[in-house]
Amino acid sequence: MPLYREGGSSGLVVEDPWLRLADDAAVPADGMVLVSFARWREARAALLARRGAIGVALANTDSVEALAPDVSRLDLVVLHFPKFSDGRAYSQARLLRGRYGYQGELRASGGVLQDQIAFMLRCGFDSFESEQKGFGEALARARTLFSVVYQPTEDGRSPASLLRLKRRNVPVS
């Protein structure tokens, strides 16, 4: 499946450097590996002891809180959208970025549609798996799609309420 990241006049299609391991596959001694959350919980110590980057794929029903103590050790977290109308991965992304301070790559997979890119970026996603035609061009435009936002999120943009206060010269702490 194509992997997209922001950049250039159209979203960059990049080669996925991560090796996705099945739960019963042998873990290589080094290299970038992506494991399921179940595998992470089962083999956490062994995965941390190896050389190379580690990524964890969460289902939208997995507990982000259970992963929280380890977010500083992870280089990639993949959040799954089983269908476009299921938004639980948005909440997981906000928790990872906002509450738990996750700084690594946050990837959206599954039912990832170009109509939702701007919202995914605001929640902290920075890479996307999608087979939708025109996804790269939509990604390139997504950050400029809305000039004003209403909710504070992890993208650092000031919400409309704060902009109004600043315009009225009201001190904002």
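Residues numbered from 1 in each chain as written. Predicted model: local features only at pLDDT ≥ 70, side-chain atom pairs only at ≥ 80, totals over all residues. Heavy atoms only, no water.

## Regarding the pairing of strand 5 (residues 54-58)
Logical step 1: A large share of strand 5 lies buried, amounting to four of its five residues.
Logical step 2: As paired strands, strand 4 (residues 33-36) and strand 5 are joined by four bridges and run parallel to one another. Following the sheet pairing, Leu34 is matched in strand 5 by Gly55.
Logical step 3: Assessed by its sense of winding, the connection that carries the chain from strand 4 through helix 1 (residues 37-49) to strand 5 is right-handed. (Buried < 20%, exposed > 50% of the residue type's maximum accessible area, 1.4 Å probe, protein only. Helix = DSSP H or I, 4+ residues; strand = E, 2+ residues; numbered from the N terminus. Pairing = 2+ DSSP bridges. Right-handed = clockwise from strand over helix to strand, strands pointing away.)

## Notes on the pattern of salt bridges
Logical step 1: A full pass over the atoms with the stated rule returns 11 salt bridges.
Logical step 2: Residue Arg107 is joined to Glu105 by a salt bridge in which the shortest nitrogen-to-oxygen separation is 3.2 Å. Of the two residues, Arg107 and Glu105, both sit in the buried class. (Salt bridge = Lys/Arg side-chain N within 4 Å of Asp/Glu carboxyl O.)

## A word on the nonpolar core
Logical step 1: Within the largest apolar cluster, 37 residues are counted, with the highest numbers of intra-cluster contacts made by Trp40, Val77, Leu79, Phe125 and Phe128.
Logical step 2: The element that contributes the greatest number of residues to this core is helix 4 (residues 117-123), accounting for five residues.
Logical step 3: Counting five residues, the second-largest nonpolar core is a separate cluster that includes Trp18, Ala53, Leu76 and Val78. (Core = buried A, V, L, I, M, F, W, Y, C linked by side-chain atoms within 4.5 Å.)

## Comments concerning the side chain of Arg122
Logical step 1: Within the secondary structure, Arg122 sits in helix 4.
Logical step 2: Accessibility expressed as a relative area gives 13% for Arg122, which makes it buried.
Logical step 3: Once residues within four sequence positions are removed from consideration, Arg122 is found in contact with Val149, Gln151, Pro152, Thr153, Glu154, Asp155 and Arg157. (Contact = heavy atoms within 4.5 Å.)

## Focus: the layout of surface pockets
Logical step 1: Space inside the largest pocket adds up to approximately 180 Å³.
Logical step 2: Taken together, Phe119, Arg122, Cys123, Phe146, Val148, Val149, Tyr150, Gln151 and Thr153 form the lining of the largest pocket.
Logical step 3: Looking at the lining of the largest pocket residue by residue, the classes come out as six nonpolar, two polar and one charged. (1 Å grid on protein atoms, 1.4 Å probe; cavity = no way out; pocket = protein on both sides within 12 Å on 5 of 7 lines; lining within 4 Å. Points joined across faces, edges and corners; volume = space filled by probe spheres on them. Nonpolar A, V, L, I, M, F, W, Y, C, P; charged D, E, K, R; others polar.)

## Some remarks on the sheet that holds strand 8 (residues 127-129)
Sheet strands pair by backbone hydrogen bonding; their relative direction is either parallel or antiparallel.
Logical step 1: The sheet built from eight strands is open, its strands ordered 2-1-8-7-6-5-4-3 with mixed pairing. Sheet topology places strand 2 (12-14) and strand 3 (19-20) at the edges, where each strand pairs with a single neighbour.
Logical step 2: Where strand 7 (residues 105-110) lies against strand 8, two bridges are found, and the strand directions are parallel. Considered in strand 8, the bridge of Ala108 is made with Phe128.
Logical step 3: Set on the sheet, helix 1 makes contact with strand 4 and strand 5; between it and strand 4 the angle comes to about 135°.
Logical step 4: The sheet contacts of helix 3 (residues 88-99) involve strand 5, strand 6 (76-81) and strand 7, and relative to strand 6 the element is tilted by about 160°. (Axes fitted to C-alpha atoms, helices over the stretch in contact; angles between N-to-C directions.)

What is shown is where atoms sit, not what they do.
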